[in-house]
Every structure is written in structure tokens, then in C-alpha cells.
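What the coordinates show
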Amino acid sequence: MLAPVLAPVLAVALAVTPLSRPALAMNELRFVVPGAEDRLRETLEASSLLATAQREDQLDPLDITSAAQAEYGRLIGLLYEEGYYAPRISIRIDGREAADISTLHPPGAIGTVEVSVDLGPQFRFGRADVGPVAPGSELPPGFVSGGVARSTLVRDTSIAAVEGWRAQGHALAESAGQEVTANHANQQLDVTLRVAPGPRLRFGQLRPRGNERTRSARIVAIAGVNSGEIYDPEEVLEAETRLRRTGTFASAAIRTAEQANPDGTIDMDVLIEEAPPRRLGVGAEIDSTAGLRLTGFWLHRNLLGGAERLRLEAAVEGIAARVGGLGFALDARYTRPATFNSDTDLELGLRAVRVDERDYGADAVEADARLLRRYSQRLTGHAGLVLRFERARFGVDRTLSGDFGTVALPLGLTWDSRDRALDATSGFFLMGEVKPYAGFSDAGNGVRMRLDARIYADMGSEGRFVLAGRAQAGAILGSALTATPRDYLFYSGGGGTVRGLPFQSLGVTQGGVASGGQGFAAVSGEVRARITERIGITAFADAGYVSSGAFSGASDWQAGAGIGFRYQTPLGPMRVDVATPVRRNAGATGGRLQLYVGVGQAF
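Residues numbered from 1 in each chain as written. Predicted model: local features only at pLDDT ≥ 70, side-chain atom pairs only at ≥ 80, totals over all residues. Heavy atoms only, no water.

Helix and strand counts for the protein chain stand at 6 helices and 31 strands. In terms of its C-alpha atoms, the protein chain occupies a principal-axis envelope of roughly 95 × 70 × 45 Å. By the burial criterion, 46% of the 603 residues in the protein chain qualify as buried. Across the protein chain, contacts joining residues at least 24 apart in sequence account for 60% of those joining residues at least 6 apart. Of the roughly 28,400 Å² of accessible surface on the protein chain, a fraction of 56% belongs to carbon and sulfur atoms. Each charge class in the protein chain was averaged separately, 64 positive and 69 negative side chains, and the resulting centres sit 5 Å apart. (Helix = DSSP H or I, 4+ residues; strand = E, 2+ residues; numbered from the N terminus. Buried < 20%, exposed > 50% of the residue type's maximum accessible area, 1.4 Å probe, protein only. Contact = heavy atoms within 4.5 Å. Areas by Shrake-Rupley, 256 points an atom, 1.4 Å probe, with all protein chains shown as cover. Lys, Arg positive; Asp, Glu negative; His and termini not counted. Charge placed at Lys NZ, Arg CZ, Asp CG, Glu CD.)

So this is what it looks like as C-alpha cells:
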């Protein structure tokens, strides 16, 4: 039995190579599509239910018969999308038309299945009308008289016309029907689409639904939709993003009411599913010189019922380190979203650290208050107040000591257009910060500046071959080197700067005292190749520079290069890098190879 359907003019037969199958299996599947272009043939085969069953070894005769009978509708829909409205499709199972076979009595065994498609003529639009259309609407360019009459164009044009009115504030705009006539004699499709714009409306009330632990007033504040303003679907999407960004909600969706209010407003339901309130996490990183670093955290996503986050984190580093000793960090951070406005978060932090590095050891405590402002999906800014006190021991045999107290006002901007933070394949990242500080005890006054720029280029291979580059720079102005907190100074070497050289192996020496410098620059380049869906390799080269002054005074540089292995996990790529020095700075020590293990790309 032939099913009526559509097509053009070139003849091709596609055969899927028969494989060795059990007795009941489909031994061969053939596609015969005369006149089809390669792209269309590939689309038909890739979407075929029979081909899918063959790939997945679902070859029971009943399964094959059921797939063949459903294949007619699948292929017709695909052909309509290409403008073929008069095709003839035949699907034969060992010579019998599949539509004539009862699934109650399927064949006992199946040898060959042949799918034959006579495309027929490709239809074009005769009449292509849509209206009314809102000013500024962008309709699909192919929906014009004489264009190929793809069914997807009809659908997309109807959607675009409705969305055009909604973008103008007509929240209840909808399709008012369509007239579609296929003229087989002229091989034309006449289409008339009608839109009902409805009234222009303003935002009404937001009505949270599904929240159990989160106060409704806070959900409304975080969403940031202002009642009384003209309805804007983009603002609705932004509100959903703000809610999901808190981490408090597993899902958040906003739906407009079915009817407008008498005052010209429309209410919206905020459909919430709350995430589990608590979370635990652990992590580990290995550096062959700096040793093992272990981290763990406890997170509460909804501390006070207003989507506030409390994160407690601890870290121990320097385990089995070749240089330096054990260090620790304890950090408590409270974040309140939608403070002052829906796009500004308040962060309060308290931190205690002990470090034992190559050139110095220090105990420090720090308290900070920051505001994080999101100006767009890509641009964020931060400003804050940081009070820090550091007691450091440095110099030969740690015979010198200093108490460095600072009150700092960090200001920064970040532009992030990466597709993925942990495994970027395109876009770029740019972060700049200026941190003026006033010193007390042994610390002077100054300003610390730093810049981090990263760029990623997918070489037309859907992430299989990526070039990545990074440039870093930093400078300290105002305070003397000896009056600058040890933690503010810049070093090079290790996983974050120059792989292949030991951690913080490049600094400066002034008056016989080794320390970090007040000027810093580093560049890195990587070539990343994905071998399989999970396995990848990387080749990289890094170089770093440190100077005693802000790019003045005594200076030196170092460079390293190496290769890496990547394995994709649900958390991001597991990274194993092995690097060797290319240029050692004066006085640098360490072996010929350095090992780095972590989660996520190096940058």
C-alpha cells in the first residue's frame, strides 16, 4: 500500500551495510530516494525509526514491524519540512508493504527492509500572508511568494508574528488561525496566517507557587519585575534567570495569567521548585612541588528563608610539599541576593589563614563586605571594604617579622562571554581590579592593580580543536616593597602562572631578603584537542615575569611547557598536566618535571 507524500530529480540508492544478525534479525535496511540531495538523504536516514532500531539492536520482528508502520508519518513530516507535499512512500518488509502487516501476527523472521521514497515536486509559496504584524517584528525571510514552502517556515512565521506583539507589551497575543491550501496543479502552497494581538498590558502581581521554605516577598524581590511597567517578555526571562541564579531553586518558571485584570495589568504565577537546602563538597589538587591541597565545604542555600547562602569552607595545603610547609584556610561567607535591587548581591566574609611558603610564613585574618552588581548577562562589577591583618615572618631563616594591617576598597569589573566556565571553547573573559589600601602598623599606603584576560577559539570543529590564550598583569604602587603585605606581592611559578616551574619559584631579592615583587606579567597558550567524547589532550606553554617595582628595578623571567590529559566528568574535565622548564630564573630549583592534577581546564 502506497502512502501519498512529496520531491525533486537525481537518483540515488542508500544502503546500510548488512551486518551479521541472529535468525530473527533485520539483515539489511535499504533507502531508495531518487532525486534527493545528499543533505536530504542524510536527514531522512538519520531520523529514520528503522535506522535507529538497527543502530540500537532492537531487531525483534515485532519491534521492526512497529517501527516500519510508524515510519510513514515520520518521513512525511520531514518531507513537509523540505517543501514536498506530494510524496509517495513505500516501506516493504521482505517484499510486503509494512502497512498491510498486522502487529498481532508479525513475521517470524525479517531479512530485508526497503524504504522507497518518490519525492514528487517541491512546492513553493503562492500566497504568503500574515497579519496584523507589530512594528519592528522580525519575520523569517523565506516566508515570501516564490520561496520554498517549508512547513517549518509556516510555523516559525506564526510564532514570530505572535512574539512581535508580545515584545510590544501585548502579553496575550496569540494565533487567530491559519488557512493553508496546497495547489497540486501549480505546485504551490497558499498560506494566510492571522494574529490576535489583544490589548497592551502592564505587569500586575507576581504570585509565587510551590515555595515552602522561601518567603514569597523575597521571591518577588529577587525576580525584580516591577508592577505597573509595560509587559516585556525579555524581563520575564531575566526574572527567571535571577531566581535560578540564587541556587535556592531547582527550577523557576513564570507564567502569565490567562486573562488580564480590568485595570490593564496581567498577573503572573512564579512556579517554584526548591532545591535541597544543604550541600557538602570536597576537592583535591596536586602540585609536585607545593604538595597536596584538600578542600571541603558546607553550604546552606536558604539560611533565613530569603534565598540567603551561607558557605563554610576549609582547606589544608602543603601536604607532602617539597618546599614550604602545612597551611590552612577557614572561610565563612554569607550572600544575600537582591540587596538594594534585584541585580545586586551583598556578601559578608570572614577568613583566617596560615601560610608557610618558600620565602615567608604568615598568619592572617580578614573581614570583608562586598556588593556584586550584574549589569548584564556578561558584565558584572564589585566593590567592597576589606579589613586585613597579617603577621609575617620572612628573611633568612625567618628572622624578620612584620605586622601588616590594611583597610582596602577593591573595585572591579568582569566581562565573561565564555560558553562554559570550566571548559570554555569560545568567547573571552576579562577581569580588572583596582584596590587602594591604607596601611597601619608596618604596612604603607598604596594601590594594588591586576588584570586577567583569556580568549578561546573553536577552530570550526564543535569543540574538538580549541585554541586558548591567557594574559595576566599586576602592579603595586605607593608602598615600599618592605612595607607591602606579603600576601599582596606577586610571584610566578606553579599551576596558576607558569607550569613546569615550582610554585612561587620566581620573586625578587632586595637587601638579601627574598620576597614577591610589585610588578608581574604572565602569558599562557594552549592547544586543546578532543580525541573522543570524554578523552582529550592538551599542549601548552607558559611564561612569567616579576620585578621588584611596578615594572621597574630588579627583575627576572621564567618559562615552561608541557602536555596534558583531560577526561570529561559531570563536574568538568579532570586535568592532569606534566610540564618541564623551558627557561629557569636565576636561583630556581626543582626537578625536570612538574605534575598538576585538578578539575577544570587550567584557565
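Another point: the nonpolar core. In this structure, Leu50, Ile91 and Val113 are the most contacted members of the largest nonpolar core, which totals 30 residues. Only strand E3 (28-32), helix H1 (38-47), helix H2 (49-55), helix H3 (61-81), strand E4 (88-93) and strand E6 (112-118) provide two or more residues apiece to this core. Broken down by element, the residue count for this core peaks at 8 residues, all from H3. With residues up to four places along the chain from it excluded, the contact list for Leu50 reads Met26, Leu29, Ile64, Ala67, Ala68, Glu71, Ile91, Val113 and Val115. (Core = buried A, V, L, I, M, F, W, Y, C linked by side-chain atoms within 4.5 Å.)

Turning our attention to the side chain of Asp190. Note that Asp190 resides in strand E9 (residues 188-196). With no salt bridge to any partner, buried Asp190 finds its closest opposite charge in Arg127, at an N-O distance of 4.2 Å. (Salt bridge = Lys/Arg side-chain N within 4 Å of Asp/Glu carboxyl O.)

A separate point is the environment of Asp345. Residue position: Asp345 is located in strand E17 (residues 344-356). Given a relative accessible area of 7%, Asp345 falls into the buried group. When neighbours within four sequence positions are excluded, Asp345 is seen to be in contact with Thr335, Arg336, Pro337, Ala338, Arg370, Leu371, Leu372 and Arg374. Engagement of the side chain of Asp345 in a polar contact is seen with the backbone nitrogen of Ala338, the distance being 3.4 Å. (Polar contact = N/O pair within 3.5 Å; in protein donor to acceptor, adjacent residues only side chain to side chain.)

This paragraph deals with the sheet that holds strand E7 (residues 124-131). As summarised here, the arrangement of the 3 strands in space is E7-E9-E8, forming an open sheet in which the pairing is mixed. Across the chains shown, the open sheet's two edge strands, defined by having one partner strand only, are E7 and strand E8 (174-183). Strand-to-strand twist across the sheet, computed as the mean angle between neighbouring axes with direction ignored, equals 10 degrees. When E8 meets E9, the two strands line up antiparallel, connected through 9 bridges. Within the sheet, the bridge partner assigned to Thr181 lies in E9 and is Asp190. Contacts from helix H4 (residues 151-167) reach E7, E8 and E9 within the one sheet, and its direction differs from that of E9 by about 20 degrees. (Pairing = 2+ DSSP bridges. Axes fitted to C-alpha atoms, helices over the stretch in contact; angles between N-to-C directions.)

A word on the packing of helix H5 (residues 216-223) against helix H6 (residues 233-245). Orientation of H5 relative to H6, taken along the N-to-C sense of each, is 125 degrees, at an axis distance of 8 Å. As summarised for this structure, H5 and H6 are arranged oblique, according to the angle between their axes. The segment H5 lies against H6, with Ile219, Ile222 and Ala223 engaging Glu235, Ala239, Arg242 and Leu243. Of the residues that constitute the contact of H5 with H6, the class distribution is 5 nonpolar, no polar and 2 charged. (Parallel < 35°, antiparallel > 145°, perpendicular 65-115°, else oblique. Nonpolar A, V, L, I, M, F, W, Y, C, P; charged D, E, K, R; others polar.)

A word on H4. If you check H4, its first and last C-alpha atoms are 24 Å apart, about what 17 residues at 1.5 Å a residue would give, namely 24 Å. Inspection of H4 places Thr152, Leu153, Val154, Thr157, Ser158, Ala160, Ala161, Val162, Gly164 and Trp165 among the buried residues, and these make up the whole buried set. Just beyond H4, the residue with positive phi is Gly169, at close to 100 degrees. (Expected span 1.5 Å × (residues − 1).)

On to the packing of aromatic side chains, then. Taken as a whole, this structure holds 9 aromatic pairs when the rule is applied. Relative to Tyr231, the ring of Phe203 has its centre 5.4 Å away and its plane inclined at 50 degrees; by these criteria the two rings are tilted. You can see Phe203 sitting in strand E10 (residues 202-209) and its partner Tyr231 sitting in the loop between H5 and H6, a full 28 residues away along the chain. Taking the relative accessible area as the measure of exposure, Tyr231 reaches 7% and is therefore buried. A network of ring pairs unites the aromatic residues Tyr80, Tyr85 and Phe123 as a single cluster. Seen from the ring of Phe603, Arg528 lies directly overhead, with NZ or CZ sitting 5.3 Å from the centre. (Phe/Tyr/Trp six-rings, centres within 6.5 Å; stacked < 30°, edge-to-face > 60°. Lys NZ or Arg CZ within 6 Å of the ring centre and 35° of its normal.)

A word on the environment of Val447. Along the chain, Val447 falls in strand E23 (residues 446-458). When residues no more than four places from it in sequence are discounted, the contact partners of Val447 are Val434, Lys435, Pro436, Tyr437, Ala475, Ile476 and Leu477.

With that out of the way, let us pick up the environment of Arg194. Within the secondary structure layout, Arg194 lies in strand E9. The partly exposed category is assigned to Arg194, whose relative accessible area is 41%. Along the backbone, Arg194 and Gly177 are 17 residues apart, and their C-alpha atoms lie at a distance of 5.5 Å. Setting aside its immediate chain neighbours within four residues, Arg194 contacts Val130, Gly131, Ser175, Ala176 and Gly177.

If you trace the 3 strands from one edge of the open sheet to the other, you get E10-E12-E11, paired in mixed fashion. Where the open sheet ends on each side, the last strands, each with one partner, are E10 and strand E11 (249-256). The average undirected angle you get between the axes of adjacent strands in this sheet is 20 degrees. Direction of pairing for E11 relative to strand E12 (residues 265-274): antiparallel, over a ladder of 7 bridges. Counted as the bridge partner of Ala252 is Ile272 from E12. Of the strands in this sheet, E10, E11 and E12 are in contact with H5, which crosses E10 at around 135 degrees.

The next subject is H3. Counted at 1.5 Å a residue, the expected span for H3 with its 21 residues is 30 Å, and the 30 Å between its end C-alpha atoms agrees. The largest bend along H3 reaches roughly 35 degrees and is located at Glu71. If you check which residues of H3 are buried, you get Pro61, Ile64, Thr65, Ala67, Ala68, Glu71, Tyr72, Leu75, Ile76, Leu78 and Leu79. Here H3 starts with a cap whose side-chain oxygen sits 3.0 Å from the backbone nitrogen of Leu62, and that cap is Asp60. (Bend = angle between axes of the 7 residues up to and from the residue.)

Interpretation in functional terms is not warranted from these geometric data alone.
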